[in-house]
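Chain residues, written in single-letter form:
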Amino acid sequence: MAGGLGLALSGGGAHGAFQVGVLDELITRRGIDFESIAGTSTGAIQAAAVAQNSVDELLAFWTGITGPDDIYKSRGGPLWAIITGKDSIYSVGPLHELLRNAYHDERIRATGKNLRLAVVNITTGEFRTIAESTDNLADWVLASAAQPPFFPPWITHDIQAHKEQWVDGGVKDVTPYNSLLQLKPRAILCVRAEAPLAHPRKPYNSVVTIGLRSVELLTREVADSDLAGVELVNDILRAAAAQEAKLVALGLTPEQVTEAMAPLRERIDRYALIPTMVIEPATNLYETIEFIPELLLQNIERGREAVRSDWPNIASFLGVPE
């Protein structure tokens with residue numbers, strides 16, 4: 001495969017702390033370099049940091065959170081938001097300020113990395129991938145993390161001055177895997193923020209808890225769909241490698257092996273079949289919009305441990321020394 005390593009970072013709100021631990025262990029402590037990075041929602045926050053080569057600043061960002069007020073502010077509760085016609089339950093002024101201080105277009109472009117952020121225009125239904133060449137990337141990170149109905153859409157206007165409302169890319173693409181396929185990295189690491197869907201069999205009594213549970217069910221369904229073909233792709237690639245090894249063992253010359261494998265290799269390239277590994281937490285420690293400092297720190301450490309505990313397999317997959 002041509003290209004360097006690709007990294008896909010899913011949505012998941014406050015669960016993104018797990019991704020931060022994974023990235024700190026992989027990039028800061030083990031020196032892994034990702035050439036192409038794609039992120040949705042909270043994953044967009046992490047993706048921009050990787051693209052900017054500022055994972056240390058990302059870690060400080062997350063470990064510095066003292067509570068939800070650092071990220072969003074209440075608008076008086078769900079009922080008041082409905083009565084007053086607000087476009088969200090919370091405002092995100094604090095998060096926007098943090099992002100604008102953290103991310104700068106020129107710093108991201110200077111690294112030479114490919115960045116892809118997933119956003120959805122609810123005005124038109126359009127799904128869009130924002131690249132590193134787009135201006136005001138911090139604003140687009142915010143747009144990708146605008147999870148309705150909790151956080152407000154990011155507003156822009158088209159060339160005809162029509163209002164456009166941009167929201168969480170996870171509405172259509174929780175794990176932005178497909179945007180990386182177009183860049184043809186040699187391998188893709190997908191880091192999910194959320195654990196496999198839990199079935200706690202408990203009642204959900206308020207608008208917020210019902211909304212959160214509904215979003216959780218929907219986003220997990222979309223996330224599973226995003227990566228539904230990963231194992232099939234990996235199996236095909238393993239079979240191709242085994243077939244090539246068998247031809248070599250039969251004594252065929254390199255030219256004969258290349259000729260025999262050509263039809264299969266052509267289809268692998270045509271359909272962008274790229275080896276992929278998924279890292280995800282075993283369980284969730286809190287709800288999507290709960291920013292509890294001690295639990296965030298615990299989740300960051302769980303991300304580091306997920307890498308440490310499986311490092312031989314991860315290193316082999318990434319093609320780096322153990």
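Nothing here was measured: the structure is a model prediction, and the numbers come from that model.

Cut-offs and rules
- Residues numbered from 1 in each chain as written.
- Predicted model: local features only at pLDDT ≥ 70, side-chain atom pairs only at ≥ 80, totals over all residues.
- Heavy atoms only, no water.
- Helix = DSSP H or I, 4+ residues; strand = E, 2+ residues; numbered from the N terminus.
- Rg over C-alpha atoms; globule rule 2.2 N^0.38 Å.
- Buried < 20%, exposed > 50% of the residue type's maximum accessible area, 1.4 Å probe, protein only.
- Areas by Shrake-Rupley, 256 points an atom, 1.4 Å probe, with all protein chains shown as cover.
- Lys, Arg positive; Asp, Glu negative; His and termini not counted.
- Charge placed at Lys NZ, Arg CZ, Asp CG, Glu CD.
- Axes fitted to C-alpha atoms, helices over the stretch in contact; angles between N-to-C directions.
- Parallel < 35°, antiparallel > 145°, perpendicular 65-115°, else oblique.
- Left-handed = near helix turned anticlockwise from the far one by under 90°.
- Contact = heavy atoms within 4.5 Å.
- Nonpolar A, V, L, I, M, F, W, Y, C, P; charged D, E, K, R; others polar.
- Phe/Tyr/Trp six-rings, centres within 6.5 Å; stacked < 30°, edge-to-face > 60°.
- Lys NZ or Arg CZ within 6 Å of the ring centre and 35° of its normal.
- Expected span 1.5 Å × (residues − 1).
- Arc of directions from axis to C-beta.

Asker: Explain the overall build of the protein here, please?
Answerer: When its secondary structure is counted, the protein shows 13 helices and 10 strands. Computed over the C-alpha atoms, the radius of gyration of the protein is 21 Å, within 12% of the 20 Å expected from 2.2 N^0.38 for a compact globule of 322 residues. Looking at the protein residue by residue over its 322 residues, the buried ones come to 50%. Looking at the protein as shown, the accessible area adds up to about 15000 Å², and 55% of this sits on carbon and sulfur atoms. One finds the centroid of the 28 positive side-chain charges in the protein at a distance of 2 Å from the centroid of its 40 negative side-chain charges.

Asker: For this particular structure, what's the right way to read the packing of helix α1 (residues 17-29) against helix α12 (residues 293-309)?
Answerer: To characterise two packed helices, one gives the angle between the axes of the helices and the distance between these axes. Running from N to C, α1 and α12 cross one another at 45°; their axes reach a closest spacing of 6 Å. Of the possible angle classes, the one that applies to α1 and α12 is oblique. You can see that α1 and α12 cross each other, and the crossing is right-handed. In this structure, α1 contributes A17, F18, V20, G21, V22, D24, E25, L26 and R29 to the contact, and α12 contributes L296, N299, I300, R302, G303, R304, A306, V307 and R308. Among the residues forming the contact of α1 with α12, the class breakdown is 9 nonpolar, 3 polar and 6 charged.

Asker: Would you mind showing me how to read the packing of helix α10 (residues 230-249) against helix α11 (residues 254-270) here?
Answerer: Orientation of α10 relative to α11, taken along the N-to-C sense of each, is 175°, at an axis distance of 10 Å. By the angle class used here, α10 and α11 are roughly antiparallel. Two secondary-structure elements touch here, α10 through L237, A240, Q243, E244, L247 and V248 and α11 through V257, A260, M261, L264, R265 and I268.

Asker: Sorry, what's going on with the packing of aromatic side chains here?
Answerer: The geometry of an aromatic ring pair is captured by two quantities: the separation of the ring centres and the angle between the planes. Throughout the structure, instances matching the rule amount to 7 aromatic pairs. In this structure an aromatic cluster arises from ring pairing among F61, W62, Y72, Y90, F151 and F291. Taking the ring centre of W311 as reference, the NZ or CZ of R30 above it sits at 4.5 Å.

Asker: Just checking my understanding: could you explain α12 for this structure?
Answerer: Residues lying three or four places apart along an α-helix face the same way, a consequence of the helix completing one turn every 3.6 residues. For α12, which comprises 17 residues, the first-to-last C-alpha distance of 24 Å matches the rise-based estimate of 24 Å (1.5 Å per residue) to within 8%. Every buried residue of α12 is accounted for by L296, N299, I300, G303, R304, A306 and V307. Projection of α12 onto a plane perpendicular to its axis shows the buried side chains occupying an angular sector of 155°, all on one side. The outward face of α12, more than 90 degrees from its buried face, is lined by the exposed residues E294 and S309. Check the buried side of α12 and you find it contacts α1, α3 (55-63), β10 (276-279) and α13 (311-318).

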